Amino acid sequence: MNISIVAIGKLKEKYLKQGIDEYIKRLSAYAKVDIIELPDEKAPENLSDQDMKIVKDKEGERILSKISPDAHVIALAIGGKMKSSEELADNMDRLATYGKSKVTFVIGGSLGLSDAVLKRADEKLSFSRMTFPHQLMRLILLEQIYRAFRINRGEPYHK
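It should be emphasised that the depicted structure is a prediction, and the values quoted were computed from it without experimental measurement.

1. A few points about the overall build of the chain
Piece 1. The helix and strand tally for the chain stands at 5 helices and 5 strands.
Piece 2. Written out in order from the N terminus, the α and β elements of the chain read β-α-β-α-β-α-β-α-β-α.
Piece 3. For the chain, whose C-alpha radius of gyration is 15 Å, the value lies close to the compact-globule estimate of 15 Å for 159 residues.
Piece 4. The C-alpha extent of the chain, read off along each of the three principal axes, is 50 × 35 × 25 Å.
Piece 5. Each of the 159 residues in the chain was classed as buried or not, and the buried ones make up 42%.
Piece 6. Carbon and sulfur atoms provide 51% of the accessible area of the chain, an area that totals close to 9200 Å².
Piece 7. Averaging the coordinates of the 27 positive side-chain charges in the chain and doing the same for the 23 negative ones gives two points 3 Å apart.

2. Brief notes about the UniProt feature "binding site: S-adenosyl-L-methionine" (unreviewed entry) in the chain
Piece 1. With numbering aligned to this structure, UniProt lists the feature "binding site: S-adenosyl-L-methionine" (unreviewed entry) at L76, G108, F127, S128, R129, M130, T131 and F132. Those annotated residues lining the largest pocket are, specifically, L76, G108, F127, S128, M130, T131 and F132.
Piece 2. Checked against the element boundaries, G108 lands in the loop between β4 (102–107) and α4 (115–120).
Piece 3. On the basis of relative accessibility, which here comes to 8%, the residue G108 falls in the buried class.
Piece 4. If we skip the residues at most four places from it in the chain, G108 touches I8, L113 and H134.
Piece 5. Structurally, the position occupied by S128 is in the loop between β5 (123–126) and α5 (134–152).
Piece 6. Classification of S128 by relative accessible area gives buried; the value is 15%.

Parameters and conventions
Residues numbered from 1 in each chain as written. Predicted model: local features only at pLDDT ≥ 70, side-chain atom pairs only at ≥ 80, totals over all residues. Heavy atoms only, no water. Helix = DSSP H or I, 4+ residues; strand = E, 2+ residues; numbered from the N terminus. Rg over C-alpha atoms; globule rule 2.2 N^0.38 Å. Buried < 20%, exposed > 50% of the residue type's maximum accessible area, 1.4 Å probe, protein only. Areas by Shrake-Rupley, 256 points an atom, 1.4 Å probe, with all protein chains shown as cover. Lys, Arg positive; Asp, Glu negative; His and termini not counted. Charge placed at Lys NZ, Arg CZ, Asp CG, Glu CD. UniProt positions renumbered as here; feature names shortened; annotations may be inferred. 1 Å grid on protein atoms, 1.4 Å probe; cavity = no way out; pocket = protein on both sides within 12 Å on 5 of 7 lines; lining within 4 Å. Contact = heavy atoms within 4.5 Å.

Here it is in structure tokens:
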């Protein structure tokens, strides 16, 4: 399986980079994983609704340009469906079984995802009703993808 994570924003924190590198290394036994990091749109602190839409649309154009036409797209979105680790594992297994070898996860910037990206998504996934920093979501997402492969192979992992 080929997994891409398209994410807005440059990762600066060393501890997050180390954790992400560790999970990419662990995942290499199961899948090819690429992280595509895109610049966030510069915006003033106080944005109008129209300004927010403009920022999200510009970031959305960048995101869409990096998504393969044949990829199954899973957008991380607050309004998405919440799943257990086992449900995510089952979903990943079903995708592999039915020939969806390219899966792209999308993590938006601090304002979220554009309507165009959400429309392109085959499914929307929410990790929680809580808000997490979008940089931290990369690490959380990679851990859950790794956990999904371990679950699907019947290999031990923390419950």
